[in-house]
Amino acid sequence: MTKIAIGTINKLRKVSTATVATCLFKKGLKNQFIQNVKPLKFGRPTMVGEAYTLRYIPAREDLNPISVFRNPKHLQRVAVEECPEGAVMVIDSRQNARAASAGSILVTRLMIRKAEGIITDGGFRDSAEIADLDFSSYHNRPTAPTNLTLHQAIAINDPIGCGDVAVFPGDIILGDDDGVMVIPANLADEVADECLQMTLYEEFVLEQVQDGKPVIGLYPMVDEGIKVIFEKWKLERG
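Because the structure is predicted, anything quoted here is derived from the model rather than measured.

Asker: Whenever I open this one, helix α3 (residues 75–82) confuses me. Can you help?
Answerer: An α-helical turn contains 3.6 residues, so a residue and the one three or four places further along point in the same direction. Of the positions making up α3, those classed as buried are Gln76, Val78, Ala79 and Val80. The inward-facing, buried residues of α3 contact β2 (47–58), β3 (88–92), β4 (100–102), α4 (104–112) and β9 (151–156).

Asker: What should I look at first to understand the environment of Ser101 in this one?
Answerer: Its location among the elements puts Ser101 in strand β4. Its relative accessible area of 0% is what places Ser101 among the buried residues. Distance in space between the C-alpha atoms of Ser101 and Thr120 is 6.8 Å, their sequence separation being 19 residues. Once residues within four sequence positions are removed from consideration, Ser101 is found in contact with Tyr56, Gln76, Ile91, Ser93, Thr120, Gly122, Gly123 and Phe124. Of the polar contacts made by the side chain of Ser101, one reaches the side chain of Ser93; its length is 2.7 Å.

Asker: Just to check I follow, could you spell out unusual backbone geometry for this structure?
Answerer: Trans peptide bonds make up the majority, and among non-glycine residues the majority have a negative phi. Here the residue pair Tyr219 and Pro220 is connected by a cis peptide bond, since its omega of 5 degrees sits within 30 degrees of zero. Counting through the fold element by element, Pro220 comes out in the loop between α6 (188–210) and α7 (224–237). Positive phi, close to 70 degrees, is recorded for Lys114, a residue that is not glycine. What makes Lys114 exposed here is its relative accessible area of 55%. Phi at Asp164 is positive, roughly 70 degrees, even though this residue is not glycine. Structurally, Asp164 can be placed in the loop between β10 (160–162) and β11 (165–167).

Asker: Help me understand the state of the cysteines, please; the structure alone is not making it clear to me.
Answerer: Cysteine pairs can be covalently joined through their sulfur atoms, and such a bond is termed a disulfide. Applying the stated criterion to the full structure yields zero disulfides. Left without a disulfide partner, Cys83 is nearest to the cysteine sulfur of Cys162, which lies 14 Å away. Looking at Cys83, the relative accessible area reads 0%, which means it is buried. Residue class for Cys162 comes out buried when judged on its relative accessible area of 0%.

Criteria and thresholds
- Residues numbered from 1 in each chain as written.
- Predicted model: local features only at pLDDT ≥ 70, side-chain atom pairs only at ≥ 80, totals over all residues.
- Heavy atoms only, no water.
- Buried < 20%, exposed > 50% of the residue type's maximum accessible area, 1.4 Å probe, protein only.
- Helix = DSSP H or I, 4+ residues; strand = E, 2+ residues; numbered from the N terminus.
- Contact = heavy atoms within 4.5 Å.
- Polar contact = N/O pair within 3.5 Å; in protein donor to acceptor, adjacent residues only side chain to side chain.
- Disulfide = S-S within 2.5 Å.

Listed below in structure tokens is the structure:
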């Protein structure tokens, strides 16, 4: 996987998916928000890490009896054991939550191995247990059937689609209570710096609005007088 600087990761922890979405839109990228997934537990710290992918295809009955889990090379299990520290496992479940992408045991193993989080555009079983973990997790909805009834793990760390978004290994995954954004790896440093500046300006705007100021001329900032006030505000904040 591409190795992103820890400084970039730390910058991105300070920004929101909404800010990232606007930043990427300015760069012409309109489809970087993973559709129809939500956190199993709201209020967790912002999730940021490099994508490590797992792809499922539709299961075929003769290839996916329950005994396949005895195979030490079963790709779902291998992915859990090889997902790098700090990475986010992103699972392509073809937006199909009729069977689980994983359950609490595998997600707990990822947590113990110090992965950053896990996302599927399908569903998790044992969802209440996963929600109680100190670990970021996103899915479409809870589901009880084992993955073998519907999904066959077929590839690790290949480009995938998740929630209608292309995800390449090494892309930066950022998740908060609004959902999950995918930041192309080659843009990560640039996006981190721009989003920090955008976040600073948004803090200024919110203060101004709370003080009764109108948004016209302020958001976006096109009033030269407001620009002067903003620069003074930044200096006062150090």
